[in-house]
Amino acid sequence: MASLRNCTSSLLLFSRRLFGPQLNSLCSYHKKVVDHYENPRNVGSLDKNNRNVGTGLVGAPACGDVMKLQIQVDENGKIVDAKFKTFGCGSAIASSSLATEWVKGKSVDEALKIKNTDIAKELCLPPVKLHCSMLAEDAIKAALSDYRIKQQDKEDERAKATS
């Protein structure tokens, strides 16, 4: 009888994962994570060939999470848009979503100050999910780095054109 009960509860858990991918309180995710998972902000892509767009692509081999975060910077150095696409758990998606919200409106230097600990604290991530906030911080840094490389290339081209 006990094995039948275990089998039934395993089947129920499997069917919930298969037919209902939403997160709920049974998963022990904080409500902020659930909110960003069910209503992610800024999902999408920007034109990676645009010189004002920086793209960061990072992954965590241990868990299989992959995160792409893009920023668009105006001529004054202010981040005016951010988009993400993430393949991963609810905490990874929530961390990406929150990161895009936080970088918007900041300067490039201000965005560099966003730390994984701040993301983890805001989302109330448990220790086992801290790698998700680390990925988000790494994605921000990678996007900013890509943007800065493009800006340096643009300056180099201008210098060649004037000489």
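Before any of the text, the structure's been laid out above.
Quick caveat, the model's predicted, so the values are computed rather than measured.

Novice: Tell me about the pattern of salt bridges, and name the residues and values.
Specialist: This structure, assessed with the given rule, holds 8 salt bridges. Between Arg41 and Glu101 there is a salt bridge; the shortest N-O distance is 3.5 Å. Of this pair, Arg41 sits in the loop between α2 (31-38) and β1 (53-60) while Glu101 sits in helix α3 (residues 90-103); the two residues are 60 residues apart in sequence, bridging distant segments of the chain. A salt bridge links Asp109 to Arg148; the shortest N-O distance between them is 2.6 Å.

Novice: Please give an account of the pairing of strand β3 (residues 79-87) that cites residues and values.
Specialist: On any regular strand, side chains alternate: one points to one face of the sheet, the next to the other face. Across 8 bridges, strand β2 (residues 65-73) lies against β3 in antiparallel orientation. In the strand pairing of β3, Leu69 is matched with Phe84. Between β2 and the antiparallel strand that follows it, β3, lie 5 residues; Gly77 among them carries a positive phi value of about 85 degrees.

Novice: How would you sum up the sheet that holds β3? Please name residues and give values.
Specialist: Across the sheet, which stays open at both edges, the 3 strands sit in the order β1-β2-β3 with antiparallel pairing between neighbours. Each edge of the open sheet is held by one strand with a lone partner, namely β1 and β3. Here the strands of the sheet are splayed against their neighbours by 15 degrees on average, with no regard to which way each runs. Pairing of β1 with β2, which is carried by 8 bridges, proceeds in the antiparallel orientation. Within the sheet, the bridge partner assigned to Ala60 lies in β2 and is Asp65. In the packing of α3 onto the sheet, contacts are made with β2 and β3, and the angle to β3 comes to roughly 175 degrees.

Novice: Give a detailed account of helix α6 (residues 130-162), specifying residues and quantitative values.
Specialist: In an α-helix, one turn spans 3.6 residues, which is why side chains three or four residues apart end up on the same side. Taking 1.5 Å of rise per residue, the 33 residues of α6 would be expected to cover 48 Å, and the 49 Å separating its terminal C-alpha atoms lies within 8% of that figure. Those residues of α6 lying buried are Cys132, Ser133, Leu135, Ala136, Glu137, Ala139, Ile140, Ala143, Leu144, Tyr147, Lys150 and Gln151. Where α6 is buried, its residues contact β1, β2, β3, α3, α4 (108-111) and α5 (116-123).

Novice: Which residues make up the packing of α2 against α3, and what values do they have?
Specialist: Running from N to C, α2 and α3 point in directions that differ by 80 degrees, and their axes come no closer than 8 Å. Classified by the angle their axes make, α2 and α3 are roughly perpendicular. Within the contact between the two elements, α2 uses Val33, His36 and Tyr37 and α3 uses Gly90, Ser91, Ile93, Ala94, Ser97, Leu98 and Glu101. Looking at the contact of α2 with α3 residue by residue, the class counts come to 5 nonpolar, 4 polar and 1 charged.

Novice: For a nonpolar patch on the surface, give the residues involved together with the corresponding values.
Specialist: Taken together, Leu57, Val66 and Phe87 make up a surface patch of nonpolar side chains, about 340 Å² in accessible area. Position of Phe87 relative to the elements: it lies in strand β3. By relative accessible area, Phe87 is classed as exposed at 63%.

About the cut-offs
Residues numbered from 1 in each chain as written. Predicted model: local features only at pLDDT ≥ 70, side-chain atom pairs only at ≥ 80, totals over all residues. Heavy atoms only, no water. Salt bridge = Lys/Arg side-chain N within 4 Å of Asp/Glu carboxyl O. Helix = DSSP H or I, 4+ residues; strand = E, 2+ residues; numbered from the N terminus. Pairing = 2+ DSSP bridges. Axes fitted to C-alpha atoms, helices over the stretch in contact; angles between N-to-C directions. Contact = heavy atoms within 4.5 Å. Expected span 1.5 Å × (residues − 1). Buried < 20%, exposed > 50% of the residue type's maximum accessible area, 1.4 Å probe, protein only. Parallel < 35°, antiparallel > 145°, perpendicular 65-115°, else oblique. Nonpolar A, V, L, I, M, F, W, Y, C, P; charged D, E, K, R; others polar. Patch = residues over 30% accessible without salt bridge, like charges linked within 9 Å, V, L, I, M, F, W, Y side chains within 5 Å. Areas by Shrake-Rupley, 256 points an atom, 1.4 Å probe, with all protein chains shown as cover.

In short, shape yes, function no, at least from these values alone.
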